[in-house]
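# Overview (structure and organization)
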Amino acid sequence: LPQAEAARSLPSIASFTALALWPCIVSLPLFFTLGGDRYRSVFPADWYDEAPVEQPRGSFGVADPTTVKPLGLSLGLAAVAVGQVFAVVYHALRREGWLGATPRVQVQPRDYSFAEGLTSHLSQPEGFALIGGYLIGTWMLGWMPSSYYSFAGGVNWFHVAAQLLLQDALQYGMHYGEHKISSWIYRNSHKSHHRYTNPRFFDAFDGSLTDTLLMIVVPFTIVARLVPANVWSYMAFGSLYANWLVLIHSEYTHPWDCIFRKIGFGTPADHHVHHRFFVFNYGHLFMYWDRLLGTYRDAAEVAGTHFNKGL
């Protein structure tokens, strides 16, 4: 009897362990700010600014990069990279069954080598070169709003939530437009990403440069001008956003999906519905916009042919 109880408890322990992924994704900004301003004891004071900084721009509308402090940018890029490491390790453990059961979203398996998938993921210029170039350029040329250069205040979770919601709302609009405005726009932007009707974890950033520009970079630019976040909130937002996009492309369900569905957060099942049928679930992180505008389809409604039951 004790052995049977222990066996039954293992899945719940594994699932609880998997939930630790979310704080790990934002571990870098949490490390430097949680419980005190640890960054002050790590970095020299002249490497960062506590107050918002309006970067002086020259006649061409850009700041002199040699006068812009790069610490916030470097930590932001590192935060996303650290989050990606945790997400990839999580996916590897899930594939091996070390974090509980791994139900597939779709009936048809998507078999691949983990090494091939990881190599494909890391070699996508759309996901890393373009977005990284945007982040580096806007920071070093002084194009970010002044609050984003401020290290004071720690992570403001209200600002993080606002950034995520606005980014996803704008991305919904761009995504819907790519599908619906014209066949030419769809062919030259989003169609390449839709060759995956049964996506995997590593397919998240596999698209075209135009697609990434319209769906990610343009919303980034708008959100930064609507939410007066500081560097830590921007960092947490960036890492959560980038890694959440990867997680919803997973071929497996996640232990937190039942909670996410109840509160309207996006899951792999939601996003697989979009990849399979093209005309539903244009949201990524949240399903609020789809429900409001009548484009939502629950994976349970189409279970049996392409999708597994009990998602």
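Residues numbered from 1 in each chain as written. Predicted model: local features only at pLDDT ≥ 70, side-chain atom pairs only at ≥ 80, totals over all residues. Heavy atoms only, no water.

## Thoughts on the overall build of the protein chain
Applicable threshold: A run of H or I in DSSP counts as a helix once it spans at least four residues, and a run of E counts as a strand once it spans at least two, with each numbered from the N terminus. In this description the radius of gyration comes from C-alpha coordinates, and the expected globular size is given by 2.2 Å times residues to the power 0.38. For every residue, the accessible area (1.4 Å probe, protein chains only) is compared with the maximum for its type, and the residue is labelled buried under 20%, exposed over 50%, or partly exposed between those bounds. Contact between two residues is taken to exist if any of their heavy atoms lie within 4.5 Å; hydrogens are not considered. In this charge count, Lys and Arg are treated as positive and Asp and Glu as negative; neither His nor the chain ends contribute. To locate a charge, the coordinates of NZ of Lys, CZ of Arg, CG of Asp or CD of Glu are taken.
Broken down by element type, the protein chain carries 14 helices and 0 strands. In the protein chain, the succession of α and β elements from N to C terminus is α-α-α-α-α-α-α-α-α-α-α-α-α-α. Relative to the 2.2 N^0.38 estimate, which gives 19 Å for 311 residues, the radius of gyration of the protein chain is 20 Å and therefore close to what a compact globule would have. Expressed along its principal axes, the backbone C-alpha trace of the protein chain runs to roughly 65 × 60 × 35 Å. Taking all 311 residues of the protein chain together, 50% fall into the buried category. Considering only residue pairs separated by 6 or more positions, the protein chain has 74% of its internal contacts joining residues 24 or more positions apart. For the protein chain, the centre of its 21 positive side-chain charges and the centre of its 22 negative side-chain charges are spaced 7 Å apart.

## Notes on the pattern of salt bridges
Let me state the cut-off plainly: What counts as a salt bridge is simple: a side-chain nitrogen of Lys or Arg found within 4 Å of a carboxyl oxygen of Asp or Glu.
Within the structure shown, the criterion is met by 9 salt bridges. A salt bridge links Asp 203 to Arg 200; the shortest N-O distance between them is 3.1 Å. Per residue, the accessibility class of Asp 203 equals that of Arg 200, and both read buried. Salt-bridge contacts for Glu 301 lead to Arg 297; the nearest nitrogen and oxygen are separated by 3.3 Å. Residue classification places Arg 297 among the partly exposed residues on the basis of a relative accessible area of 26%.

## Let's talk about the packing of aromatic side chains
Counted only if it meets this: Ring geometry is summarised as follows: Phe, Tyr and Trp rings, the Trp one being its six-membered ring, pair when their centres sit within 6.5 Å, and such pairs are stacked at plane angles under 30 degrees, edge-to-face over 60 and tilted between the two. Placement of a positive charge over a ring is assigned whenever Lys NZ or Arg CZ falls within 6 Å of the ring centre and within 35 degrees of the normal to the ring plane.
Overall, the coordinates contain 35 aromatic pairs when judged by the stated rule. Both rings, one in Tyr 176 and one in Tyr 282, keep their centres 5.1 Å apart while their planes meet at 75 degrees; by these two values the pair is edge-to-face. With a gap of 106 residues between them, Tyr 176 in helix H8 (residues 157-180) and Tyr 282 in the loop between helix H13 (268-277) and helix H14 (288-293) connect regions that are remote in the sequence. Classification of Tyr 176 as partly exposed rests on a relative accessible area of 34%. With a relative accessible area of 0%, Tyr 282 lands in the buried category. An aromatic cluster of at least three residues, connected via ring pairs, comprises Trp 22, Tyr 90, Trp 244, Trp 256, Phe 260, Phe 265, Phe 286, Tyr 288 and Trp 289. Just above the ring of Phe 31 sits the side chain of Arg 38; from NZ or CZ to the centre is 4.8 Å.

## Overview of the confidence of the model for the protein chain
This is how the line gets drawn: pLDDT is a per-residue confidence score from the predictor, ranging from 0 to 100.
Per-residue confidence for the protein chain averages 93 on the pLDDT scale, and 96% of its residues sit at or above 70. Contacts for the low-pLDDT stretch residues 1-10, under 50 throughout, to residues beyond four places or in other chains number 0 contacts.

## Quick look at the layout of surface pockets
Going by this rule: In the cavity and pocket records, a cavity denotes points on a 1 Å grid over the protein atoms alone where a 1.4 Å probe fits but cannot get out, a pocket denotes an open set with protein on both sides within 12 Å along at least 5 of 7 lines, and lining residues are residues with an atom within 4 Å of a point. Grid points are joined across faces, edges and corners, and a volume is the space filled by probe spheres set on the points. Charged means Asp, Glu, Lys or Arg here, nonpolar means Ala, Val, Leu, Ile, Met, Phe, Trp, Tyr, Cys or Pro, and polar covers whatever is left, Gly included.
What the largest pocket holds in volume is close to 430 Å³. Around the largest pocket, the lining comprises 24 residues; the ones closest to its centre are Gly 76, Leu 77, Val 80, Ile 131 and Leu 135. Here the lining of the largest pocket is built from residues that sort into 17 nonpolar, 7 polar and no charged. Computed from the structure, the second largest pocket encloses a volume of approximately 200 Å³. Taken together, 15 residues line the second largest pocket, and the ones lying closest to its centre are Ala 101, Pro 103, Thr 253, His 254 and Pro 255. Mapped by element, the contributors of at least two residues to the lining of the second largest pocket are helix H1 (2-19) and helix H12 (257-263). The element that contributes the greatest number of residues to the lining of the second largest pocket is H12, accounting for 3 residues. The residue inventory of the lining of the second largest pocket, partitioned by class, reads 7 nonpolar, 5 polar and 3 charged.

## Thoughts on H13
Within H13, 8 of the 10 residues are buried, which leaves it mostly tucked inside the rest of the structure. Along H13, the positions that sit buried rather than exposed are Pro 268, Ala 269, Asp 270, His 271, His 272, Val 273, His 274 and His 275. Its buried side turned inward, H13 meets H8, helix H11 (231-247) and H12. Phe 278, located one to two residues past H13, shows a positive phi value of around 75 degrees.

## Points about helix H7 (residues 125-140)
Burial in H7 covers these residues: Glu 126, Gly 127, Ile 131, Gly 132, Tyr 134, Leu 135, Thr 138, Trp 139 and Met 140. On the buried face of H7, the contacting elements are helix H5 (71-95), helix H10 (209-226) and H11. In the stretch just after H7, Gly 142 is the one whose phi turns positive, near 75 degrees.

## Here we look at the packing of H8 against H10
Heads up, the condition is: What counts as an axis is a line fitted to C-alpha atoms, over the stretch in contact for a helix, and the angles between N-to-C directions run from 0 to 180 degrees. Crossings are sorted by hand: turned counterclockwise from the far helix by less than a right angle, the near helix makes the crossing left-handed, and turned clockwise it makes it right-handed.
Two elements in contact, H8 and H10, have axes separated by 9 Å at closest approach and are oriented at 145 degrees. Once H8 is placed against H10, the crossing between them reads as right-handed. Contact residues: H8 offers Gln 163, Leu 166, Gln 167, Leu 170, Gln 171, Met 174, His 175 and Glu 178, while H10 offers Thr 210, Asp 211, Leu 214, Met 215, Ile 216, Val 218, Pro 219, Phe 220, Ile 222, Val 223 and Leu 226. For the contact of H8 with H10, the residue count by class is 12 nonpolar, 5 polar and 2 charged.

## Overview of the environment of Asp 206
Stated formally: The term polar contact refers here to a pair of N or O atoms within 3.5 Å; inside protein, the definition further demands a hydrogen-donor-capable atom paired with an acceptor-capable atom, and it admits residues adjacent in sequence only when both atoms are side-chain atoms.
If you trace the backbone, Asp 206 turns up in the loop between helix H9 (183-187) and H10. You can call Asp 206 buried: its relative accessible area is 8%. Residues Asp 206 and Ala 20, spaced 186 residues apart in sequence, show a C-alpha to C-alpha distance of 27 Å. If we skip the residues at most four places from it in the chain, Asp 206 touches Gln 124, His 193, Arg 195 and Tyr 196. For Asp 206, the side chain forms a polar contact with the side chain of Arg 195, separated by 3.0 Å.

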